[in-house]
2 protein chains.
Amino acid sequence: MKIDSYDGNGKEKEAATRIPDNHPRAHSLRVRERMKDAVEAGLVHPTGLIAHGRGEAFDYLLGERTSPEALEAIAEAARRIHQARQPVLSVNGNVVALAAGEIVRLQQAYPRLGIEVNLFHRTAERVDRLAAVLEAAGATGVLGREPDARIPGLTSDRAMCCKAGIGDADVVLVPLEDGDRAQALVAMDKTVITIELNPLSRTANAAHITIVDELTRVLPLLAEALRNPSPPAPFDGSDNLARSRKRMAAGLEL
Amino acid sequence: MKIDSYDGNGKEKEAATRIPDNHPRAHSLRVRERMKDAVEAGLVHPTGLIAHGRGEAFDYLLGERTSPEALEAIAEAARRIHQARQPVLSVNGNVVALAAGEIVRLQQAYPRLGIEVNLFHRTAERVDRLAAVLEAAGATGVLGREPDARIPGLTSDRAMCCKAGIGDADVVLVPLEDGDRAQALVAMDKTVITIELNPLSRTANAAHITIVDELTRVLPLLAEALRNPSPPAPFDGSDNLARSRKRMAAGLEL
């Protein structure tokens with residue numbers, strides 16, 4: 001599949017793979033096909049599909065619904081982004097493949113939020129493709145193509161970033177992030193906000209605010225919270241995470 | 001990557017992707033690279049990577065260790081296979097990519113166990129490649145290339161199978177199986193044994209015996225149990241599953 005035929009929903013491909021409509025997991029199978037198409041279009045690294053599957057498992061335990069804990073974390077995230085000097089959204093292949101439209105609507109709701117493409121398996125070509133997909137969906141000022149700063153403590157290309165984005169940011173919203181990099185951002189004294197379904201992951205435990213919920217459900221709620229920020233409320237990140245874990249455990253015990 | 005260069009461990013590829021040795025999840029990242037190589041070699045359907053990721057999440061909750069519940073289920077599985085008239089192991093792309101060597105050693109431990117390649121996303125070419133990988137690893141009499149029977153209740157190519165394998169089998173060991181097909185095999189009055197990390201899946205709940213554990217840990221234990229079957233013991237599949245769920249829930253609550 002060529003990049004310029006990538007429409008972000010992969011409808012044609014879906015039909016071609018003959019998922020029976022009466023299959024009880026048809027919806028989930030079709031999101032999977034869409035992720036597969038994004039790999040073929042060079043947007044998502046193949047191992048990104050494995051990460052997507054891990055998320056699916058935890059989402060299943062949440063009943064595929066936004067929890068009260070996630071709503072509290074979203075409200076706190078919006079407050080921190082509002083107070084920030086330079087808030088940035090860091091996006092990777094999975095984030096763009098799943099939610100390009102939601103990212104654009106988030107930027108429209110709160111134009112002060114920068115967007116930087118920042119990849120674990122970085123190639124200049126893939127950064128370019130992902131930025132192009134966001135721009136085609138309506139995003140402006142997408143950073144990442146010309147890195148001019150580094151995240152200390154990371155080896156190789158994983159450290160590269162932009163001064164006007166992550167480099168000088170005080171608040172970084174970084175969904176679906178690798179644990180190493182989340183920890184490295186925390187070590188830079190930035191406020192780190194993540195969206196992450198695995199409440200046991202290093203990323204979830206390193207971030208200051210972890211929204212334990214599925215990306216495409218979170219972004220519209222975050223856009224709304226940025227439009228209409230709620231008054232300050234106490235927020236305890238580790239208590240919030242612990243309650244998410246308990247909710248998932250209850251999902252297992254039926 | 002060409003099929004004839006596929007060595008089942010992907011060492012060269014690993015080096016090329018520069019996973020830092022000091023990354024805390026280096027082992028897990030390398031298994032992921034191996035699965036990715038299997039996709040590139042045409043052995044695994046890309047959405048098989050997503051399924052692998054789901055399994056990883058549940059294995060994480062088990063502490064990546066074989067539980068007492070899994071050991072009980074393995075012992076019962078070995079007893080049922082021993083008593084079977086025509087026991088068959090049904091393998092798909094993920095199963096072969098993860099465990100070709102373990103499958104061969106299982107067959108050597110218990111040569112009466114047939115092996116049939118049977119795919120959810122079936123193409124004749126992929127069946128052929130997977131059978132070739134098993135044969136290169138030392139398997140004999142691999143079925144699947146010439147289907148001559150159907151599993152009632154399934155649409156399209158998903159129904160195809162071999163009389164000498166799944167078609168006439170009374171006991172089917174079918175790891176990492178789709179829920180629809182597991183249910184269809186149960187409806188055929190076969191004894192269905194699965195190896196499946198998600199204790200909430202339809203497959204886990206449809207099978208008569210569900211071994212909730214990671215495939216490559218299970219197969220050597222099953223080979224040993226087939227060599228030295230244990231005396232009959234009471235086994236309650238749904239109680240066994242419930243205890244696995246409780247164990248995972250405890251993994252979440254720390």
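These numbers come from a predicted model, not from an experiment. (Residues numbered from 1 in each chain as written. Chains lettered and ligands numbered in written order. Predicted model: local features only at pLDDT ≥ 70, side-chain atom pairs only at ≥ 80, totals over all residues. Heavy atoms only, no water.)

A. The pairing of strand β2 (residues 114–117) of chain A, seen in detail. All names here are of chain A. Relative to β2, strand β1 (residues 87–91) runs parallel, the two being bridged by four bridges. Pairing of S90 across the sheet is with E116, part of β2. Handedness of the crossover is the feature at issue here: the chain leaves β1, passes through helix α5 (residues 93–109), returns alongside β2, and the resulting connection is right-handed. (Pairing = 2+ DSSP bridges. Helix = DSSP H or I, 4+ residues; strand = E, 2+ residues; numbered from the N terminus. Right-handed = clockwise from strand over helix to strand, strands pointing away.)

B. Structural detail: the nonpolar core. Counting residues in hydrophobic clusters, the biggest one holds 102 residues, and the most contacted among them are L134(A), I211(A), L134(B) and I211(B). Counting 24 residues, the second-largest nonpolar core is a separate cluster that includes L197(A), M248(A), A249(A) and L252(B). (Core = buried A, V, L, I, M, F, W, Y, C linked by side-chain atoms within 4.5 Å. Buried < 20%, exposed > 50% of the residue type's maximum accessible area, 1.4 Å probe, protein only.)

C. Spatial organisation of the environment of V133(B). All names here are of chain B. Looking at the element boundaries, V133 is found in helix α6 (residues 124–137). A residue is classified by how much of its surface remains accessible, and V133, at 13% relative accessible area, is buried. Spatially, the C-alpha atom of V133 lies 19 Å from that of R32, the residues being 101 residues apart in sequence.

D. Layout of the side chain of E102(A). Residue placement: E102(A) occurs in helix α5. No salt bridge is formed by the buried E102(A); its nearest oppositely charged neighbour, R105(A), is found at 4.3 Å. (Lys, Arg positive; Asp, Glu negative; His and termini not counted. Salt bridge = Lys/Arg side-chain N within 4 Å of Asp/Glu carboxyl O.)

E. Broad picture of the relation of the copies chain A and chain B. Each copy superposes on the other: chain A lies on chain B with an RMSD of 0.0 Å after a rotation of 180° and an axial shift of 0.0 Å. Classification of the inter-copy transformation places it as that of a two-fold axis. Of the residues that chain A buries at the interface, 100% are likewise interface residues in chain B, meaning the two copies contact each other through the same surface. (Least-squares fit on C-alpha atoms with pLDDT ≥ 70 in both. Contact = heavy atoms within 4.5 Å.)

F. Structural detail: the pattern of salt bridges. Residue and element names in this part refer to chain A. Going through the model one piece at a time under the given rule, you end up with 38 salt bridges over all chains. With its nearest N and O atoms 3.6 Å apart, the salt bridge here joins E33 to K36. Taken together, the residues E33 and K36, both in helix α2 (residues 26–40) and three residues apart, mark about one turn of the helix. In this structure, the salt-bridge partner of K36 is E40, at a minimum N-O distance of 3.5 Å. Of the two residues, K36 and E40 both sit in helix α2, four residues apart, roughly one turn of that helix.

G. Structural detail: the sheet that holds strand β6 (residues 191–195) of chain B. Residues and elements named next belong to chain B. The strand order β2-β1-β5-β6-β7 describes an open sheet built from five strands, whose pairing is parallel. The open sheet has two free edges, formed respectively by β2 (114–117) and β7 (209–211), since each of these has just one partner strand. On average, each strand axis in the sheet is inclined to that of its neighbour by 20°, with strand direction left out of account. Sheet topology places strand β5 (residues 171–173) next to β6; three bridges connect them, and they run parallel. In the strand pairing of β6, V171 is matched with T191. Against the sheet, α6 makes contact with β1 (87–91) and β2, and its axis sits at roughly 145° relative to β2, the strand it touches most. (Axes fitted to C-alpha atoms, helices over the stretch in contact; angles between N-to-C directions.)

H. View of the packing of helix α4 (residues 68–83) of chain A against helix α10 (residues 215–227) of chain A. Residues and elements named next belong to chain A. Two elements in contact, α4 and α10, have axes whose closest approach is 9 Å; the angle formed by their N-to-C orientations is 50°. Accordingly, the angle class assigned to the pair α4 and α10 is oblique. For α4 against α10, the interelement crossing comes out right-handed. Across the interface between the two elements, L71, I74, A77, A78, I81 and H82 from α4 touch V218, L221, L222, A225 and L226 from α10. (Parallel < 35°, antiparallel > 145°, perpendicular 65-115°, else oblique. Left-handed = near helix turned anticlockwise from the far one by under 90°.)

I. The sheet that holds strand β5 (residues 171–173) of chain A, seen in detail. Residues and elements named next belong to chain A. Strand order across the open sheet formed by five strands is β2-β1-β5-β6-β7, with parallel pairing between neighbours. Only two strands of the sheet have a single neighbouring strand rather than two, namely β2 and β7 (209–211). Neighbour-to-neighbour, the strand axes of this sheet turn through a mean angle of 20°, independent of strand direction.

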